[in-house]
Amino acid sequence: MRLTLATLLRHWRRMPLQLGLMIAGLALATALWSAVQAINGEARASYARAVEQLGSAQLPALTAPDGHIPLATYVSLRRAGWQLSPVLEGRWSPGRRPVTLMGVDVLSHPVTAAMAAAEAEADPDAPPFATVMQRETLFAHPDHLPDLAGSGYRLLPLPHLPPDVVIGDLALVATLLDRPDALTRLLILPEQPTGLTPLAELAPNLRVGRVQDGVAGDPQRLTRSFHLNLSAFGLLSFAVGLFIVQGSVTLGLEQRRGQIQTLRCLGVPLSQLMLALAIELVVFALVAGLIGLVIGYGLAGLLLPDVTATLRGLYGAPVDGELTLRPGWVLSGLAMSVGGTLLAGTQAFLALRRMARSLSQAPVSGARRGAHHWLRLAAGGLVLMGLGTLIGGIWPGLLTGFVWLAGLMVGAALLLPALLHAASHLIPTGPDSPLRAWLIADSRLQLPGLSLSLMALCLAVATNIGVGTMVSSFRLTFVDWIDQRLLADLYVQPETETMEAELMHWAQQAGVRALPRYQIDSRSGNAPLRLFGITDDPRYAEEWPLLRSQPDVWTRLFDQGEILINEQLAHRQGLSPGSVVELAPGWSARVAGVYADYGNPDGQAYMSIDAMRDREMPMTLSQIGLVAPAGTSIEDLAQELRAALALPPGAVIRRDAIRATSTAIFDRTFVVTGALNVLTLAVAGFAMLTSFLSQWSRRLPQLSPLWAMGVTRRQLALCEVLRSLGFAAGTFLLALPLGLLLAWILLAHINLEAFGWRVPMTLFPDDWLRLFALTLLAAAVAALGPATRLLRLSPARLLGVFSHDR
Amino acid sequence: MIASAVVRTCALALGVLVGGAPTVVAAQGYAGLGTQAEGFTVPTPGQSLEFPADHAAHPDYRIEWWYLTATLETASGAQLGVQWTLFRSALAPGTAPGWNSPQVWMGHAAVTTQQQHYYAERLARGGIGQAGVSLDPFEAWIDDWAMTSMDNTLDGLSLQARGDEFGYDLSLRAEGPLVLHGEAGYSVKSAQGQASYYYAQPGYRVSGTVRLPEGDLEVTGKAWLDREWSSQPLAADQSGWDWFSLHLDGGDKLMGFVLRSDSGDFSSGTWIEADGTTSPLAPGSLAAEPRGWSAVAGRQVPTSWRVSLPERDLAVEVRALNPNAWMGTVFPYWEGPVEVSGSHQGRGYLEMTGYD
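Counting from 1, residues in each chain are numbered in the order their sequence is written. Lettering for chains starts from A, numbering for ligands starts from 1, and both go in the order in which the items are written. Only residues with pLDDT of at least 70 are given local features in this predicted model, and only at 80 or more are side-chain atom pairs given and counted; all residues enter the totals for whole chains, interfaces and linings.

**What about the overall build of chain A?**
Turning to step 1, where the next piece is worked out: Secondary structure elements follow DSSP: runs of H or I of four or more residues count as helices, runs of E of two or more count as strands, with numbering from the N terminus. Summing up its helical and strand segments, chain A has 27 helices and 20 strands in all.
Turning to step 2, where the next piece is worked out: Counting other C-beta atoms within 10 Å of a residue's own tells you its class, since 20 or more makes it buried, 12 or fewer makes it exposed, and anything in between is partly exposed; those C-beta atoms are placed from the backbone. Split into buried and exposed, the 806 residues of chain A put 44% on the buried side.

**Quick word on the overall build of chain B**
Turning to step 1, where the next piece is worked out: Of regular secondary structure, chain B possesses three helices and 23 strands.
Turning to step 2, where the next piece is worked out: Whether two residues are in contact is decided by their C-beta atoms, placed from the backbone, lying within 7 Å. In chain B, the share of contacts with a sequence separation of at least 24, taken over all contacts with a separation of at least 6, comes to 57%.

**So, the pairing of strand β20 (residues 314-320) of chain B**
Residue and element names in this part refer to chain B.
Turning to step 1, where the next piece is worked out: Of the two faces of β20, only one is covered, namely that formed by Leu314, Val316, Val318 and Ala320; the face formed by Ala315, Glu317 and Arg319 stays uncovered.
Turning to step 2, where the next piece is worked out: Pairing between strands requires that DSSP locate at least two bridges from one strand to the other. Sheet topology places strand β19 (residues 299-309) next to β20; six bridges connect them, and they run antiparallel. Residue pairing across strands places leucine 309 opposite leucine 314, the latter belonging to β20.
Turning to step 3, where the next piece is worked out: In this structure, β20 lies alongside strand β22 (residues 333-342), joined through five bridges in antiparallel fashion. Looking at β22, one finds that valine 318 is bridged to valine 340.

**As for unusual backbone geometry**
All names here are of chain B.
Turning to step 1, where the next piece is worked out: The amide bond that connects phenylalanine 51 to the next residue, proline 52, takes the cis arrangement and shows omega of 10°.
Turning to step 2, where the next piece is worked out: Its location among the elements puts proline 52 in the loop between α3 (31-34) and β1 (63-74).
Turning to step 3, where the next piece is worked out: Its identity as a non-glycine residue notwithstanding, aspartate 136 has a phi of 60°, on the positive side.
Turning to step 4, where the next piece is worked out: Among the structural elements, aspartate 136 can be located in the loop between β5 (131-134) and β6 (139-142).
Turning to step 5, where the next piece is worked out: Notably, aspartate 313 is not glycine yet its phi reads approximately 55°, a positive angle.

**Some points on the nonpolar core**
Turning to step 1, where the next piece is worked out: Defined on buried residues, the nonpolar core groups Ala, Val, Leu, Ile, Met, Phe, Trp, Tyr and Cys residues joined through C-beta atoms within 7 Å. In terms of nonpolar packing, the biggest core is built from 137 residues, with Phe139(A), Leu158(A), Ile167(A) and Leu68(B) touching the most fellow members.
Turning to step 2, where the next piece is worked out: For Leu68(B), the contacting residues outside a window of four places in its chain are Trp84(B), Thr85(B), Met147(B), Leu159(B), Ala223(B), Trp224(B) and Leu225(B).

**Section: the confidence of the model for chain B**
Turning to step 1, where the next piece is worked out: Per-residue confidence for chain B gives a mean pLDDT of 86; residues scoring 70 or more make up 88%.
Turning to step 2, where the next piece is worked out: What the predictor reports for the complex is a pTM of 0.59 with an ipTM of 0.89. What pLDDT conveys is the predictor's confidence in a given residue, as a value from 0 to 100.

**Regarding the environment of Glu543(A)**
Turning to step 1, where the next piece is worked out: The topology assignment puts Glu543(A) in helix α18 (residues 538-543).
Turning to step 2, where the next piece is worked out: Those residues in contact with Glu543(A) that lie beyond four places of it in its chain are Gln484(A) and Leu487(A).

**So, the environment of Ile63(B)**
Residue and element names in this part refer to chain B.
Turning to step 1, where the next piece is worked out: Tracing the backbone shows isoleucine 63 in strand β1.
Turning to step 2, where the next piece is worked out: Residue classification places isoleucine 63 among the buried residues on the basis of 26 C-beta atoms within 10 Å.
Turning to step 3, where the next piece is worked out: Taking the C-alpha atoms as reference points, isoleucine 63 and serine 230, 167 residues apart in sequence, are found 5.6 Å from one another.

**Observations regarding the environment of Phe474(A)**
Residue and element names in this part refer to chain A.
Turning to step 1, where the next piece is worked out: Among the secondary structure elements, phenylalanine 474 is positioned in helix α16 (residues 434-485).
Turning to step 2, where the next piece is worked out: Taking the number of C-beta atoms within 10 Å as the measure of exposure, phenylalanine 474 has 22 and is therefore buried.
Turning to step 3, where the next piece is worked out: Along the sequence, phenylalanine 474 and methionine 761 sit 287 residues apart, while their C-alpha atoms lie 7.9 Å from each other.

**Section: the confidence of the model for chain A**
Residue and element names in this part refer to chain A.
Turning to step 1, where the next piece is worked out: Across chain A, the average pLDDT comes to 79, with 83% of residues at 70 or higher.
Turning to step 2, where the next piece is worked out: Between the elements of chain A, mean pLDDT differs from a low of 61, seen in helix α5 (residues 128-134), to a high of 95, seen in helix α3 (residues 71-79).
Turning to step 3, where the next piece is worked out: Between residues 212-218, whose pLDDT stays under 50, and residues either more than four places distant or in other chains, the model counts 20 contacts.
Turning to step 4, where the next piece is worked out: Every residue in residues 361-367 is under pLDDT 50, and counting partners more than four places away or in other chains gives nine contacts.

Given below as structure tokens:
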């Protein structure tokens with residue numbers, strides 16, 4: 001056995017480059033996969049820590065349909081024996097931007113443990129609760145503390161809070177929000193006394209549900225799609241990497257045909273040969289896996305800050321920026337590497353069996369496989385595509401959306417060789433161009449050996465087009481939307497009612513139109529609903545973009561008490577213009593239009609301020625927009641406003657500043673996607689390179705006769721490059737529609753399922769051209785190696801083919 | 001009841017209301033009660049107690065409690081004990097409406113049989129109505145636990161509490177007068193002069209129902225209510241205490257405590273005759289010595305004592321009905337019914353803290 005293994009392994013000593021390429025390919029694939037896993041694992045651990053620290057996500061909670069539970073209701077439930085922990089939540093503007101302020105009863109809320117720990121760290125000698133309750137302490141994410149510095153309260157860091165959430169004792173929060181007699185929800189604590197009267201009897205108007213919508217809710221709900229995307233990317237790169245391994249292993253076996261025959265003749269049993277091959281593969285997989293893990297860890301470290309920024313910026317999910325090495329991650333990375341290698345080696349095992357059984361020396365030429373082989377593959381591909389579409393079409397959902405994508409991608413990849421084969425017959429070959437005829441016939445012969453790497457290329461290109469189109473479409477829509485939605489030139493967040501009155505007065509004096517926006521937090525269909533009240537202004541009709549609307553939508557809004565709802569709410573409750581929606585108990589309104597609302601998972605509605613005031617629900621002023629009179633400099637106006645009301649520089653925000661910040665957050669969000677795109681394409685290029693190299697040794701006997709007939713080595717080398725470019729171009733042509741289909745599914749289905757909004761798809765032909773050039777470049781680079789070898793080949797080697805031909 | 005109440009309020013003042021933080025308390029000791037009273041009113045001798053006003057809360061004092069223990073018997077003669085306690089602890093003197101009130105309330109309830117010990121705990125903010133003590137008529141409550149009277153006296157009370165495994169509903173009728181401890185209700189707690197206001201109703205007759213997992217039990221027996229408030233009742237070096245309330249056959253009662261400290265123990269108490277006549281014990285006259293130890297909740301606790309009071313010819317063995325009467329509350333302690341034998345027979349309650 002040792003001899004068998006040593007004989008097999010000796011081969012690699014003669015082929016260090018090939019060995020290196022195989023290991024590198026597998027290592028790269030493992031690296032990408034494990035980097036994505038490390039990032040996901042880190043995010044999940046962060047969520048778990050946050051949930052544990054906040055302690056409330058696991059608990060059921062009571063909420064009121066209108067979002068307000070009277071304090072008296074809480075006390076009466078407590079006096080009935082129910083063990084509940086009250087929470088009051090609201091918007092609060094201590095500085096430049098508003099935050100969610102969450103008040104908890106420090107005697108009963110699960111987050112108290114984390115607060116006590118923060119308190120003990122800040123002041124080890126102080127009795128924590130007395131201090132929290134007496135010294136007006138607020139807790140926030142450490143990064144957020146500087147923003148609150150001007151609030152005048154004692155601030156302590158609580159690292160696992162979402163970035164825009166501030167927690168404090170109910171006494172302080174109720175004062176800050178000026179809601180001494182109201183609560184937002186009541187957590188139902190785990191231990192309850194026996195014999196309680198059911199809640200449905202005691203408080204029939206309250207509903208029991210999980211706390212998913214509160215700030216302490218489960219961040220995984222929001223980020224699920226993002227992580228699924230990352231995982232899909234990682235898996236795709238891994239699959240592409242396996243194509244490399246498959247090519248290398250099969251080639252290595254082909255090259256050792258002589259040795260294997262000799263070993264068989266010496267009486268080595270087939271089972272021993274198989275075992276030796278398996279051991280060889282596992283050793284390679286382990287080595288490559290370890291290298292891959294090291295690279296993956298480094299890669300994850302590089303990408304994590306961007307992912308963290310994305311998760312915080314887009315979803316407000318708390319993720320630490322530090323990477324931890326987890327044993328589970330190392331083991332799963334190695335298992336993926338070994339499992340993947342063995343899977344990729346299946347063909348090699350089959351070939352080995354065939355080889356060992358037949359004592360014939362002639363290589364089994366896959367090239368002679370009939371057209372029916374391609375047809376079978378193509379049929380399989382079509383079935384996969386059909387199945388995927390069927391599943392994705394029948395059961396709309398996030399996971400089935402990804403199944404649909406997978407079916408399309410794998411199916412299209414299987415279809416590729418048959419299409420290329422068919423395409424090769426379409427190229428005209430006249431009697432005047434024998435070399436061209438040979439090149440096409442030869443390409444057809446090479447197709448089986450190259451098909452896997454071409455499939456890999458196809459997947460990589462399609463992913464690039466798909467994800468690129470999605471991101472660019474999203475960006476275009478987003479920027480457009482931001483431009484249209486920022487109706488006013490300046491935005492101010494008044495901190496007090498006096499300031500609000502002063503501001504409105506100043507606006508009137510200065511001839512500036514003011515667009516105040518009021519806010520009520522309510523619930524509809526057991527989900528949070530934010531209501532905005534606005535005043536009549538022609539700018540809304542001029543600039544506000546609507547997805548769907550009734551005629552005279554703005555008259556309906558301002559004069560007839562109808563409302564506008566966001567796309568998320570419309571999708572979730574199946575609403576359209578003309579439908580009636582419940583905004584709070586006993587309060588329904590007709591929908592006049594639906595507007596796009598990106599970057600927010602919850603329902604929203606806009607109505608006229610008069611309709612809102614009629615309800616006598618507590619409302620807060622969330623912002624005032626100011627429209628400068630024509631011909632006024634906006635900067636001058638901002639300065640005038642600051643001077644007139646003695647506002648700090650950050651209190652007045654210009655429209656273009658908000659736009660720039662939002663776009664910057666957006667771009668940062670998709671940095672990771674861009675990086676993964678480039679890496680996938682690089683791995684695919686690498687796969688092509690290994691395929692070409694693996695073809696090389698078999699090519700010589702086929703090229704020698706041509707050379708003998710007078711075709712120069714330069715011409716032959718050119719033919720190599722041309723063939724590679726031809727395949728790449730053909731692959732690109734299939735990958736392009738596949739990528740667009742991918743983009744469409746991502747934009748119209750997966751986004752809709754994940755967030756409730758649909759993004760219109762835009763085509764970016766410039767990007768395709770660039771990608772086409774990149775693909776050709778990758779193909780040229782991959783063919784360059786064999787071509788230069790051909791150029792440098794000594795005539796003696798070519799002649800030798802004839803003398804050694806057995 | 002001084003001991004447990006002090007522990008409780010320590011816990012509150014030190015803010016260890018979150019589970020798993022006893023080390024913080026241990027590290028900080030009882031400093032919270034050894035320090036100055038920071039604006040709180042301090043008990044002064046010679047001030048007479050006034051009822052019913054003094055049945056209600058005294059928010060200008062730092063700590064206060066309504067503390068009831070009962071030794072009961074089922075129809076079949078099985079013994080059990082019941083505890084109902086409401087503590088008030090002020091983070092600052094005075095009251096304020098709503099969540100801004102500096103008053104914090106805590107309730108403890110327990111049922112101890114020979115085999116089992118059940119307990120529960122409740123916490124509440126003052127100012128919102130979730131817990132408190134009111135007059136017209138008298139009611140002390142936290143959540144659904146309540147001690148209520150038909151009038152402004154403590155003569156007839158009804159008492160309810162329940163946890164996730166137990167509950168009770170008892171009627172109490174006083175058979176004697178209120179008892180003022182110390183000097184007309186001014187009770188000295190250390191050689192340095194720390195003191196509290198302290199009165200009691202030690203003579204209730206009890207009947208009612210105790211609910212346990214195995215079913216409802218009709219019970220009868222005796223109960224003892226302690227009322228005490230102060231702002232700084234302990235000396236800084238006092239580290240734990242053993243407290244006894246004993247109903248002796250023949251109608252006499254003994255309330256006695258030993259406050260342990262490095263510089264020497266401080267013991268005191270009150271002898272209450274069957275007719276309600278009280279005699280304060282001179283400091284040091286009561287002796288209590290551990291005789292048998294039990295392993296409870298991972299520590300050794302003395303559950304058998306020899307208690308002697310030579311001036312009354314008392315030398316008794318005090319033995320726990322159930323050595324496992326451990327209160328695993330945020331700040332844990334031992335509290336349970338005891339049996340008395342020796343020169344006198346009887347039953348009562350024992351409370352012990354500081355056995356870490």
